[in-house]
Amino acid sequence: MPDRARAKPSESERLGELDVLIVGAGFAGLYMLHRLRSAGLEAIAYEAGSGIGGTWFWNRYPGARCDIESIEYSYQFSEELQRDWEWSERYATQPEILRYVEHVAERFDLLPHVELNTRVNSATFDETTGRWSVETDRGVVSAQFCIMATGCLSSMNTPDFKGLDSFKGSWFHTGRWPHEGVDFTDQRVGMIGTGSSAIQSIPLIAQEASHLTVFQRTASYSVPAHNGPLDPERVREFKADIAGFRERNSQLPFGAGFKLNLAKALESTSEQRQSEYDERWATGGLGFVAAFSDLLIDREANDTAAEFLLQKIRETVKDAAVAELLSPDLVVGCKRLCVDTGYFETFNRPNVTLVDVSKAPIEEITRNGIRANGEEYELDAIVFATGFDAMTGALLSIDIRGRGGMTLREKWAEGPRTYLGLGVAGFPNFFTITGPGSPSVLSNMIPSIEQHVNWIADCVEYMREHDYACIEATEEAQDAWVAHVNEVANGTLFPTCNSWYLGANVPGKPRVFMPYLGFPPYVQKCNEVAEKGYEGFSLDSAG
Ligand code: N01
């Protein structure tokens, strides 16, 4: 994409003042822009990257693809767009998703309203004017509303390993992969991490590198993707009933078309369980967690799924000691289940070594490689597949100040607190798209994004129609929502392991379960709030 940003005066420079400033031009920021501009508002999106696409702009590591099926991981706001666009594979690759985002931006003429290469450093609410003053590395702009479309997994987690500066080889983070790609031919590569990004890239890097050493702190469960060309019959069925397909999926707990089995594992016979798990394994994908309705609620039920997955590891990995190390001792689904193509098989290759760093952390990065368990592993390149400061990292990297100069960092010192993952008490006219406290990462992200964007755009239009200048979540509504989010999570097995859903992967981050579990009840709640004149928010005709 050409760097247009510096070629012409920016829209903000021309306009001086905006109705809405959107931070981020990924799936969320772009659709927000479309909705607001269609409603006649002056809105622009500031994007730190040199291109649009957010997650799909940055995550270009080998094997990067979505773990939600392509026909579901797409916008539904335009019937024509859904009809016209043809996905090529069951799970789309990063380049294909990026092409899709770029197509959408061009089709709906969004690019002139995106300021690329523009990082937002601070956003301050001015109580006298009732407007946000937003400072970027290119100047200051004023807007009535500030909308954060900063993504849930966009702020990288790069652990502070001692000695990284001394490493004489090259190093990369999966979340900021070089656009020109990396050639690992004849290189000794070290990979730190075994989450989704690592599991997708390990099989491909192992084929290229002379040797791959994987440093594993926590083993992950993974199910096969069984990826391949998209079945034309499936596409035909989808296009024959797009609205029905979307509506049915929106009624499912994760807002994604995982075939839900209402039976309980503990009330089924071992033959029924085996048959259900076999079928899910043969189908592949995240739908495995919907095999029984008690899997994510009852530890004993979950153990039956764990045993099935552990058996698959033992059957696949030839070296029993390596298979044992690759076997998680966790609740299935508690950390995000991974979806792979040939991950466990890769450990049968003679050029792949697994190093257990669960009992003692990596000691240091040396000039020549990585020292762990008292041994130095010589490497030419290191890949950090160490994930993200999820859900709050990108928001808190900006100096956001609400009423009384209170910063969001201070407000969230004990963990994020929001009303519906949409608004924050003390921060008027400020919205977060798929913020903490909304289904977000525990749902199909694109429908969740669209639902949030539609809700916010409807709210802004409602305010205009009713001459309101200012909207703000109340502390009471926020407290009640936070309590409810926790109550729902505590009724499940999700809070029982050290996942990034809890912030447990980032040292010092408060341990708070951030996503809301249950897409359909969440949507219902948001609709009710809007129908009741934005219940739980205070609305004012002056700032
Ligand atoms: O990150 P992760 P990710 N020393 O946090 C390890 C989405 N996504 O980028 O588990 C040693 O899952 C860490 O160990 P531990 C998806 O939602 C989707 O892989 O903390 N190791 C872990 O093994 C996913 O869940 C797709 O003990 C260290 C790994 O690094 C989310 O993004 C693809 C360490 C990080 O795993 C994040 O996935 C990719 C240390 N100091 C991502 N610090 C698809 O759509 C961290 N680790 C398929």
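Everything quoted here is computed from the prediction, not taken from an experiment.

A. Structural view of the environment of Leu204. With respect to the helices and strands, Leu204 occurs in helix H6 (residues 196-208). The partly exposed category is assigned to Leu204, whose relative accessible area is 39%. Separated by 142 residues in the primary sequence, Leu204 and Pro62 have C-alpha atoms spaced 6.4 Å apart.

B. Expanded view of the packing of aromatic side chains. Counted according to the given criterion, the structure contains 45 aromatic pairs. Geometrically, the ring pair formed by Phe57 and Trp58 is edge-to-face, given 4.9 Å between the ring centres and 90 degrees between the ring planes. Relative accessible area serves as the criterion here: at 5%, Phe57 is assigned to the buried category. By relative accessible area, Trp58 is classed as partly exposed at 21%. On the numbers, 6.4 Å between centres and 75 degrees between planes, the contact of Phe431 with Trp455 is edge-to-face. A residue pair is termed long-range when its members are at least 10 positions apart, and Phe431 in strand S18 (residues 430-432) and Trp455 in helix H15 (residues 445-465) qualify at 24 residues. Three or more aromatic residues joined by ring pairs form one cluster here, namely Phe27, Tyr31, Trp56, Tyr73, Tyr75, Phe77, Trp85, Trp87, Tyr100 and Phe108. When the ring centre of Phe57 is taken as reference, the NZ or CZ atom of Arg60 above it lies at 4.8 Å.

C. Highlighting the site of the ligand. The immediate surroundings of the ligand are formed by 23 residues, with Ser197, Gln200, Arg217, Thr218 and Lys335 found nearest. Lys335 places a side-chain nitrogen or oxygen 2.4 Å from an oxygen atom of the ligand. Contacts to the ligand include Ala385, whose backbone N or O atom sits 3.2 Å from an oxygen atom. Take the shell around the ligand: its biggest share by element is 3 residues, from H6. Classifying every residue of the shell around the ligand gives 9 nonpolar, 9 polar and 5 charged.

Cut-offs used in this document
Residues numbered from 1 in each chain as written. Predicted model: local features only at pLDDT ≥ 70, side-chain atom pairs only at ≥ 80, totals over all residues. Heavy atoms only, no water. Helix = DSSP H or I, 4+ residues; strand = E, 2+ residues; numbered from the N terminus. Buried < 20%, exposed > 50% of the residue type's maximum accessible area, 1.4 Å probe, protein only. Phe/Tyr/Trp six-rings, centres within 6.5 Å; stacked < 30°, edge-to-face > 60°. Lys NZ or Arg CZ within 6 Å of the ring centre and 35° of its normal. Near = heavy atom within 4 Å. Polar contact = N/O pair within 3.5 Å; in protein donor to acceptor, adjacent residues only side chain to side chain. Nonpolar A, V, L, I, M, F, W, Y, C, P; charged D, E, K, R; others polar.

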